[in-house]
Amino acid sequence: MRKEDSVKLISAEGFEFVIHKEAAMVSQIISNMLTSPGSFAETEHREVTFPEISTTILEKICQYFYWSLQYANGKETEFPIEPELTLELIMAANYLDT
C-alpha cells in the first residue's frame, strides 16, 4: 500500500492502525478531516488521533470500515459485534458518523 493511499488512525492508548484511505472514508467525520481545505494536520499528515476511542474499539471500527466496503453492494450479512463492546461501539460509531 502506497503512503498516499493510506491513513493512520491512532487510538487513545497510542496504538496506530494504518488502513486504506478508501476504507477510512466510510466515516463521514474522517472523510471531512482528510479532505477539508486548509492546512489541517490530519490532511497534511494523513493521521487522525482519537483520544477518546480505545484500541479495542478502534480496531473493531477499522474492521467495520473494510466490511462496509466489501458488502456495500447490498449483500445481506451481519457485522459481528461482541456484546461487551456494543455500548462503546455505538458511541464511537455515532461520533464517526458511520
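Residues numbered from 1 in each chain as written. Predicted model: local features only at pLDDT ≥ 70, side-chain atom pairs only at ≥ 80, totals over all residues. Heavy atoms only, no water.

An unreviewed UniProt entry annotates the chain as Elongin-C of Salix purpurea. Under the UniProt heading Pathway (unreviewed entry), the entry covering the chain gives this text: "Protein modification; protein ubiquitination." (UniProt positions renumbered as here; feature names shortened; annotations may be inferred.)

Participant: Help me understand the pattern of salt bridges, please; the structure alone is not making it clear to me.
Facilitator: Any two side chains of opposite charge can pair, on the condition that their charged atoms come close. Per the stated rule, a full pass over the model turns up three salt bridges. With a closest N to O distance of 3.4 Å, K8 and E16 form a salt bridge. The class of E16 is partly exposed, set by a relative accessible area of 43%. For E47, the salt bridge identified is with K8, shortest N-O distance 3.6 Å. One end of the pair, E47, is in strand β3 (residues 47-49); the other, K8, is in strand β1 (residues 6-10), with 39 residues separating them in the sequence. Relative accessible area serves as the criterion here: at 22%, K8 is assigned to the partly exposed category. Ionic contacts of the salt-bridge type, sharing partners, join the residues K8, E16 and E47 into one network. (Salt bridge = Lys/Arg side-chain N within 4 Å of Asp/Glu carboxyl O. Buried < 20%, exposed > 50% of the residue type's maximum accessible area, 1.4 Å probe, protein only. Helix = DSSP H or I, 4+ residues; strand = E, 2+ residues; numbered from the N terminus.)

Participant: When you look at helix α2 (residues 28-35) in this model, what are you seeing that I'm missing?
Facilitator: By the burial criterion, the buried members of α2 are I30, S31 and L34. Seen along its axis, α2 keeps its buried residues to an arc of 100 degrees; they face one direction. Buried residues belonging to α2 abut β1, α1 (21-24), α3 (41-45), β3, α4 (55-70) and α5 (86-96). Structurally, the start of α2 carries an N-cap: the backbone nitrogen of I29 is 3.4 Å from a side-chain oxygen of S27. (Arc of directions from axis to C-beta. Contact = heavy atoms within 4.5 Å. Polar contact = N/O pair within 3.5 Å; in protein donor to acceptor, adjacent residues only side chain to side chain.)

Participant: Where do I start with the sheet that holds strand β2 (residues 16-20) in this structure?
Facilitator: Pairing between sheet strands relies on hydrogen bonds along the backbone, with the strands arranged either parallel or antiparallel. With mixed pairing, the three strands of this open sheet are ordered in space as β2-β1-β3. The sheet is open, and its two borders are formed by β2 and β3, each paired with just one other strand. Taken pair by pair, the neighbouring strands of this sheet meet at an average axis angle of 25 degrees, ignoring direction. Seen against the sheet, α4 touches β1 and β2 and runs at an angle of roughly 5 degrees to β2. (Pairing = 2+ DSSP bridges. Axes fitted to C-alpha atoms, helices over the stretch in contact; angles between N-to-C directions.)

Participant: Explanation requested: the pairing of β1 in the structure shown.
Facilitator: When a strand is regular, its side chains alternate between the sheet's two faces. Across the five residues of β1, four count as buried, placing the element largely inside the fold. What sits between β1 and β2 in their antiparallel hairpin is a turn of five residues, with G14 showing a positive phi close to 90 degrees. Pairing geometry for β1 and β3, over three bridges, is parallel. Across the sheet, the residue bridging to L9 is V48, located in β3.

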